[in-house]
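# Reading the structure
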Amino acid sequence: MALRTDAPPAPGGPATRGRRPESARRRRRGYAAWGFALPFTVLFAVFMILPVGASLYMAFTDMRGADLRSPLAVNFIGLDNFVAAVTDPQFQQAAGNTVYFVGVAMPLTLGIALLLAALLNSGLTWFRSVFRVGFYAPVVTSIVAVAVVWRFLLQPDFGLINSALGLVGIDGPDWLTDPTWAMPSLIMLAVWRNVGFSMVILLAGLQGIPKDLYEAASLDGAGAVRTFRSVTVPLLRPTLLFCAVMTGIAYLQFFEEPFVMTQGGPLGATNSVAYEIYNQFGFGDYGLSAAMSYLLFVAIAILSFLQFRLLRPKN
């Protein structure tokens, strides 16, 4: 009778003994990986997951400052906080101000950043690094310091901006105390401070576009506008998408500018959703402020979704 040569190895044979050390080593590597990841995992759970869960719990309760000693004894009120936030005239004004701020500041920031990136990419080779650092410097400067400086620049009597306008016979407005001009003043500050970030990213995207495509477009008789529309913009879509999403998320949460410069005034003209959340939390209405925070989160998600739909690369 012929012996079978494809029979499985006997338990304890050489093949089995070879697999056991390998599985043991794999297990040890897994334990080591979890050991290295454990400190971050614990910190992330304690400082991120637990606070997010607690804020979500608060949004559906009537928790106030007096309930901190017994947070589990509060009443579950369902969607009442969300209804109260949406129907609150002060929150509605803050939401309108935020939409105004984002709708004006975000296109201005991206447009100026793209223009500066195109200018730096087309020439000024020797001064490119100097200009890049100069435009990016406000991004890494403390927003509080920047806002304090701009408060002096926008002073109606002795501010630099009104003094410069006075030289050409223009009587400058009360930038921060006039409800008409207060929000444009904050938009000027935000655009000046944040344009450098998008400019650097867009400049990197422009430098990644092959020069051959521009040469081919030139040979085909395409002008500067047609080349920009048909070559630059399609290839720059992923970079534009990144800049738009990051800028939109930051601008929807704008808080430091009204906090330092106007305290939400005059007459609530610069009150933002984030600043209103801060005020409600300071008043001790934790449930309402948490509900407003999640409404802001939904707005950020919707804006990001629309940006992905509009700016995603086309196949």
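What you are looking at is a predicted structure, and each value in this text was computed from that prediction instead of being measured.

So, how was this worked out
- Residues numbered from 1 in each chain as written.
- Predicted model: local features only at pLDDT ≥ 70, side-chain atom pairs only at ≥ 80, totals over all residues.
- Heavy atoms only, no water.
- Patch = residues over 30% accessible without salt bridge, like charges linked within 9 Å, V, L, I, M, F, W, Y side chains within 5 Å.
- Areas by Shrake-Rupley, 256 points an atom, 1.4 Å probe, with all protein chains shown as cover.
- Salt bridge = Lys/Arg side-chain N within 4 Å of Asp/Glu carboxyl O.
- Helix = DSSP H or I, 4+ residues; strand = E, 2+ residues; numbered from the N terminus.
- Buried < 20%, exposed > 50% of the residue type's maximum accessible area, 1.4 Å probe, protein only.
- Phe/Tyr/Trp six-rings, centres within 6.5 Å; stacked < 30°, edge-to-face > 60°.
- Lys, Arg positive; Asp, Glu negative; His and termini not counted.
- Polar contact = N/O pair within 3.5 Å; in protein donor to acceptor, adjacent residues only side chain to side chain.
- Contact = heavy atoms within 4.5 Å.
- Core = buried A, V, L, I, M, F, W, Y, C linked by side-chain atoms within 4.5 Å.

Together, L38, F40, V42, L43, F44, V46, F47, M48, I49 and L50 make up an exposed nonpolar region whose accessible area comes to about 1000 Å². Of note, F47 is situated in helix α1 (residues 14-59). Since its relative accessible area comes to 57%, F47 is described here as exposed.

Counted under the stated rule, the structure contains 15 aromatic pairs. With centroids separated by 5.4 Å and ring planes inclined at 50 degrees, the aromatic side chains of F60 and F82 adopt a geometry described as tilted. With a gap of 22 residues between them, F60 in the loop between α1 and α2 (80-87) and F82 in helix α2 connect regions that are remote in the sequence. Looking at F60, the relative accessible area reads 23%, which means it is partly exposed. Through successive ring pairs, a cluster of aromatic residues spans F255, F259, Y275 and Y278.

Here R193 is to be found in helix α7 (residues 182-207). Buried charge without a salt bridge: R193, with E257 as the nearest opposite-charge side chain at an N-O distance of 5.7 Å. Of the polar contacts made by the side chain of R193, one reaches the backbone oxygen of V139; its length is 3.4 Å. Other than its neighbours up to four places away in sequence, R193 contacts P138, V139, T141, I143 and V146.

If you walk through the whole model with that rule in mind, you get 1 salt bridge. Between D285 and R64 there is a salt bridge, and its shortest N-O distance comes to 3.3 Å. Highlighted residues: D285 in the loop between α11 (273-282) and α12 (286-311) and R64 in the loop between α1 and α2, separated in sequence by 221 residues. For R64, a relative accessible area of 39% corresponds to the partly exposed category.

In terms of nonpolar packing, the biggest core is built from 47 residues, with F101, V102, L202, Y251 and M261 touching the most fellow members. It is helix α3 (residues 89-122) that contributes the most residues to this core, 12 residues altogether. Discounting residues that sit within four places of it in the chain, Y251 has contacts with T98, F101, V102, A105, M106, T109, A190, V191 and N194. Ranked by size, the runner-up nonpolar core spans 9 residues in total, among them M63, F82, Y286 and A290.

Looking now at the side chain of T227. Residue placement: T227 occurs in helix α9 (residues 224-252). From its side chain, T227 meets the backbone oxygen of G223 in a polar contact 2.7 Å long. Leave out the neighbours within four places in its chain, and T227 touches Y214, A217, A222 and T232.

To continue, consider the environment of T247. Looking at the secondary structure, you find T247 in helix α9. Among the residues examined, T247 registers a relative accessible area of 6% and is labelled buried. Linking T247 and T109, residues 138 residues apart in sequence, is a C-alpha distance of 8.3 Å. A distance of 2.7 Å separates a polar atom in the side chain of T247 from the backbone oxygen of C243.

Further remarks concern the environment of V146. Tracing the sequence through the fold places V146 in helix α5 (residues 143-153). Residue V146 is classed as buried on the basis of its relative accessible area, which comes to 6%. C-alpha of V146 to C-alpha of E257: the two residues are 111 residues apart in sequence and 9.3 Å apart in space.

A few words now on unusual backbone geometry. Glycine aside, residues mostly have negative phi angles, and peptide bonds mostly take the trans form. Cis geometry is adopted by the peptide bond preceding P266, which originates at G265 and carries an omega value of -5 degrees. Positioned with a positive phi, Q263 is a non-glycine residue whose angle comes to about 50 degrees. Topologically, Q263 is positioned in the loop between α10 (256-262) and α11. With a phi close to 55 degrees, L267 is a non-glycine residue in the positive phi region. Summarising the element assignment, L267 is placed in the loop between α10 and α11.

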